[in-house]
Amino acid sequence: MQRYFTSDSDNSGFFKQMASVLEDPTLERHFKGHKDAVTCTDFNPNRKQLASGSVDKSLMIWNLAPKARAFRYVGHQDLITGVQFSPSGLLVATSSKDRTVRLWTPTMKGKSTVFKAHTAPVRSVAFSHDGQRLVTASDDKSVKVWSVHRQCFVYSLTQHTNWVRCARFSPDGRLIASCGDDRTVRLWDTSTKHCINCFTDSAESATFVGFNSSGTCIASSGADSSLKIWDLRTNKLIQHYQVHSAGINSFSFHPSNNFLISGSSDSTVKILDLVEGRLIYTLHGHKGAVITVAFSRAGDQFASGGADGQVLMWRTNFDRKSYQDVLQQHSQRSTPDPAPHLTDIHPRTPHLHRQQPSGIQISPAVADTQSIDPDVIEFGQSVHSTTLLNGRTHLTPTQAAANGHLSNGLSARNRASSGVGGWTGDESTSRAKSGASVWTGGNGGGRGRREEEDEEEDEDEEEEERGQTYPLEVLSAPPSSLDSTLRHIVKQLDILTQTVSVLEERLTLTEDKLKECLLNQSQILKDVQSGERRRSQETDGSPVHFT
């Protein structure tokens, strides 16, 4: 954080500049309870809870009241990739690499419903803004929509040609945005189920996508460390930021649409001013990749989680006053921020925003008493046990960390200890260059099938540490005939995936028709029974003549 030095006679200037400092974001609390990297976070709309998912396969619900207990929910069989509260706050949806989606009740009962969602790992899950639908994205190259009330599949969207990393509903529910390893961002019409636009200017995998609160813009981030914003009214790129030194794993719009936060494998959280089109803050709180960031629904708080297993909760502060007041206070700083880009003044034109060297660097320290580790109540059976797959022993996340490697490919040497401060820009730069902190788990950041190769390398290293060796096969480049055969197989698999999606839709329609028939039959039976009762009553009530 910037420090200001004044003489004793300059008290007025000192207090003006301290007033400016009070508008900087501050670290309010940190939560420790996960046993491995934190992959996703979300605030409850009731402002009383914060949810986080992890590589340790557990969902944590942090109650924000001081000294309140935290809940740990166990049920997924693999790492959790996405989490989101329903608009009512009464349900929590999680997606997982175990190919399922779960709907949890965030209470002491800890009940959950399982959707067998996809034929490959599920990378994201999100509610529609009315809470009636869920949208999921998967490595099976499809986006699927589900009914929350009926808890069934509705339809799928299948034009991506590689793994789909993220999918989100627009605020009005009329559109779905998705992105993936095919380097495209697609826009879908939920009424026609058609792709109505495709943005293809990504240099590498698109890792995350999201709408602003008004639904007029979408943003996408990439493994190439870029962040782009498109105006949906003109279908044009209006802003392009290149402020991180490694891939961006997650971002979140402020509800006012004036700000955006992003988390990256360079170990930093960046805060962007979207009105002026510039970087205003760089936050150093995590040791290792920052995998997830999320604003609260009111925008007064935001959370970040990363490879160090910590969840940090920040107080926004910079959104307290009107935008003009914030600009006026920024002008009073001892080192004023640079003037905005001329091309940001309306009408805007696409241009690249590079990192400003005068951006404010904040290395926080927790100063409150609320960050004492809360008591954790655990629900469900523990899944931290060694499993045997294909006759070979695979380590659980906890065991793998003890042997020096994380299950998602992150080196344990790059994980954090429990501390928050002490992380410098030089360390994050070197770590980003070495590639050790690149996240390839829940929210993406890798290059599709490269993940499996990294996992196999980690497995081989683990086996050597345990003293086990396996023969290695050295393969030359595949011949052209084999290459063409493999391409043909991939095409056939794509056709099979589309066929399965069509069958799922038809089964859903058939199920609806059967339910309708059963309801009609039930109503007819009730009508017949009521008619018979009326006739019997009329017969019983007829006068009896005596002679």
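Residues numbered from 1 in each chain as written. Predicted model: local features only at pLDDT ≥ 70, side-chain atom pairs only at ≥ 80, totals over all residues. Heavy atoms only, no water.

In the annotation of an unreviewed UniProt entry, the entry for the protein reads POC1 centriolar protein homolog B, and the organism field reads Pagothenia borchgrevinki. Quoted straight from UniProt, the Subcellular location (unreviewed entry) entry for the protein says "Cytoplasm, Cytoskeleton, Microtubule organizing center, Centrosome, Centriole". Looking at the protein in UniProt, the text filed under Sequence similarities (unreviewed entry) is "Belongs to the WD repeat POC1 family." (UniProt positions renumbered as here; feature names shortened; annotations may be inferred.)

1. What about the overall build of the protein?
Within the protein, the regular secondary structure consists of six helices and 33 strands. A separation threshold of at least 6 residues defines the contact pool for the protein, and within that pool the share at least 24 residues apart is 53%. (Helix = DSSP H or I, 4+ residues; strand = E, 2+ residues; numbered from the N terminus. Contact = heavy atoms within 4.5 Å.)

2. Points about the environment of Asn44
The residue Asn44 is located in the loop between strand 2 (38–43) and strand 3 (49–54) in this model. Between the alpha carbons of Asn44 and Ser88 there is a distance of 8.5 Å; along the sequence they are 44 residues apart. When neighbours within four sequence positions are excluded, Asn44 is seen to be in contact with Gln49, Phe85 and Gly89.

3. Concerning the sheet that holds strand 22 (residues 248–253)
Strand order in this open sheet of five strands is 22-23-24-25-30, and the pairing throughout is mixed. Each edge of the open sheet is held by one strand with a lone partner, namely strand 22 and strand 30 (360–362). Along the sheet, successive strands turn relative to each other by an average axial angle of 20 degrees, direction set aside. (Pairing = 2+ DSSP bridges. Axes fitted to C-alpha atoms, helices over the stretch in contact; angles between N-to-C directions.)

4. Re the nonpolar core
Core analysis: the largest hydrophobic core is formed by 29 residues, its most contacted members being Val185, Ile218, Leu227 and Ile229. Only strand 15 (175–180), strand 16 (185–189), strand 18 (206–211), strand 19 (217–222), strand 20 (227–231), strand 21 (236–242) and strand 22 provide two or more residues apiece to this core. With four residues, strand 18 is the single largest residue contributor to this core. Setting aside residues no more than four positions away along its own chain, Ile218 makes contact with Ala177, Val185, Leu187, Phe199, Gly210, Phe211, Lys228, Ile229, Trp230 and Leu232. (Core = buried A, V, L, I, M, F, W, Y, C linked by side-chain atoms within 4.5 Å. Buried < 20%, exposed > 50% of the residue type's maximum accessible area, 1.4 Å probe, protein only.)

5. Points about the packing of aromatic side chains
Under the criterion given, the structure shown has twelve aromatic pairs. Their ring planes at 65 degrees and their centres at 4.8 Å tell us that Phe259 and Phe318 sit as a pair that is edge-to-face. Of this pair, Phe259 sits in strand 23 (residues 259–264) while Phe318 sits in the loop between strand 28 (310–315) and helix 2 (323–330), and the two are 59 residues apart along the sequence. Comparing Phe259 with Phe318 shows no difference in burial state: the two are buried. Across from the ring centre of Tyr155, 4.7 Å away, lies the NZ or CZ of Lys193, which sits over that ring. (Phe/Tyr/Trp six-rings, centres within 6.5 Å; stacked < 30°, edge-to-face > 60°. Lys NZ or Arg CZ within 6 Å of the ring centre and 35° of its normal.)

6. Focus on the UniProt feature "repeat: WD" (unreviewed entry) in the protein
Within the UniProt annotation, "repeat: WD" (unreviewed entry) is assigned to residues 31–64, 73–104, 115–148, 157–198, 199–240, 241–282 and 283–324. With 0% helix and 56% strand, the stretch residues 73–104 has end C-alpha atoms that lie 9 Å from each other. Counted over residues 115–148, helix gives 0% and strand 56%. Its end C-alpha atoms are 10 Å apart.

7. Brief notes about the pairing of strand 1 (residues 26–32)
Counting buried positions along strand 1 gives five out of seven residues, so the element sits mostly inside the fold. Strand direction decides the pairing type here: strand 1 and strand 28, joined by six bridges, are antiparallel. The partner of Lys32 across the bridge, within strand 28, is Gln310.

8. Some details on the pairing of strand 7 (residues 92–96)
Within strand 7, five of the five residues are buried, which leaves the element mostly enclosed by the surrounding structure. If you look at the hairpin formed by strand 7 and strand 8 (residues 100–104), you'll find three residues sitting between the two strands, and Arg99 has a positive phi there, around 75 degrees.

9. Regarding the pattern of salt bridges
With the rule as written, the count across this model stands at nine salt bridges. Put simply, Asp300 and Arg47 hold a salt bridge, and the shortest N to O gap is 2.5 Å. Placement of Asp300 in the loop between strand 26 (290–295) and strand 27 (301–306) and of Arg47 in the loop between strand 2 and strand 3 is noted, with a sequence separation of 253 residues between them. The class for Asp300 is buried, based on a relative accessible area of 17%. (Salt bridge = Lys/Arg side-chain N within 4 Å of Asp/Glu carboxyl O.)

10. What about the sheet that holds strand 1?
As a general point, the strands of a sheet are linked pairwise by backbone hydrogen bonds and lie either parallel or antiparallel. With respect to topology, four strands assemble into an open sheet ordered 1-28-27-26, the strand pairing being antiparallel. Taken across any chain shown, the strands that pair with only one partner, and hence form the sheet edges, are strand 1 and strand 26. Across this sheet, the average inter-strand angle for adjacent strands is 20 degrees, counted without regard to direction.

11. Overview of unusual backbone geometry
Phi at Lys57 is positive, roughly 75 degrees, even though this residue is not glycine. At Asn257, a residue that is not glycine, the phi angle is positive and equals roughly 70 degrees. Counting through the fold element by element, Asn257 comes out in the loop between strand 22 and strand 23.

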